[in-house]
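A look at the structure
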Amino acid sequence: MPKRTPDSWREHAERALRDAGYHRGGAREAVLGLLADQACALSAQEIDDRLRAGDRAVGRASVYRVLEQLAELKLVMRVEVGDGIARYEPNRPGGEHHHHVVCDTCGQIEPFEDPDLELAIHRLSSRLRFDVGEHDVVLRGECRACRS
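What comes next is a walk through the structure. Quantities reported herein were computed from a predicted structural model and do not represent experimental measurements.

Some words on the packing of helix α3 (residues 44–53) against helix α4 (residues 60–72)
In contact at an axis separation of 10 Å, α3 and α4 are set at 125° when each is read in the N-to-C sense. It follows from the interaxial angle that α3 and α4 lie oblique. Regarding α3 and α4, the two cross each other, and that crossing is right-handed. Contacts between α3 and α4 involve A44, Q45, I47, D48, L51 and R52 from the first element and R60, V63, Y64 and L67 from the second. Its residues assigned to classes, the contact of α3 with α4 shows six nonpolar, one polar and three charged.

So, the layout of surface pockets
Any empty space left between the atoms is revealed when a probe the size of a water molecule rolls over them. There is about 380 Å³ of room inside the largest pocket. Around the largest pocket, the lining comprises 15 residues; the ones closest to its centre are G95, E96, H97, E118 and H135. Looking at the lining of the largest pocket residue by residue, the class counts come to four nonpolar, five polar and six charged.

A short note on the packing of helix α2 (residues 26–36) against α4
Their axes nearest at 9 Å, the elements α2 and α4 cross at an angle of 65°. Overall, the two elements α2 and α4 adopt an arrangement that is roughly perpendicular. Seen along the crossing, α2 lies across α4 with a hand that is right-handed. Together, A27, R28, V31, L32 and L35 of α2 and S62, V63, V66, L67, Q69 and L70 of α4 make up the contact between the two elements. Of the residues that constitute the contact of α2 with α4, the class distribution is eight nonpolar, two polar and one charged.

The rules we used
Residues numbered from 1 in each chain as written. Predicted model: local features only at pLDDT ≥ 70, side-chain atom pairs only at ≥ 80, totals over all residues. Heavy atoms only, no water. Axes fitted to C-alpha atoms, helices over the stretch in contact; angles between N-to-C directions. Helix = DSSP H or I, 4+ residues; strand = E, 2+ residues; numbered from the N terminus. Parallel < 35°, antiparallel > 145°, perpendicular 65-115°, else oblique. Left-handed = near helix turned anticlockwise from the far one by under 90°. Contact = heavy atoms within 4.5 Å. Nonpolar A, V, L, I, M, F, W, Y, C, P; charged D, E, K, R; others polar. 1 Å grid on protein atoms, 1.4 Å probe; cavity = no way out; pocket = protein on both sides within 12 Å on 5 of 7 lines; lining within 4 Å. Points joined across faces, edges and corners; volume = space filled by probe spheres on them.

This is the structure in structure tokens:
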């Protein structure tokens, strides 16, 4: 599996947006930079809040517009964890990805990777004769802190 680097996704996204005819802009640069450095999915509100906290205030409508462009070009994956809030994370050029565990008590979301799970999904895909283009596994339960 290739090493994940924020720059490789960001460069890939900038190239794809340019090739699709989108013009560079401050909002897009800010959103790309923030997403490239994230370990897990963020909502549009969380992206807006983090940009404002980092002195990169961007209009909320601009954040939504950039996310829409990125989703249209399949540069981000829209992640649904069951709380009615869409979250977004980079679709890495090499296809590497992770899944999520969600605490039903506190709402904490954590990423996880499991090669055995990926193998099981591949085997299931073959058995069903179904070409799985993308997938996301969300496991729900209670985190260690909430169980204590």
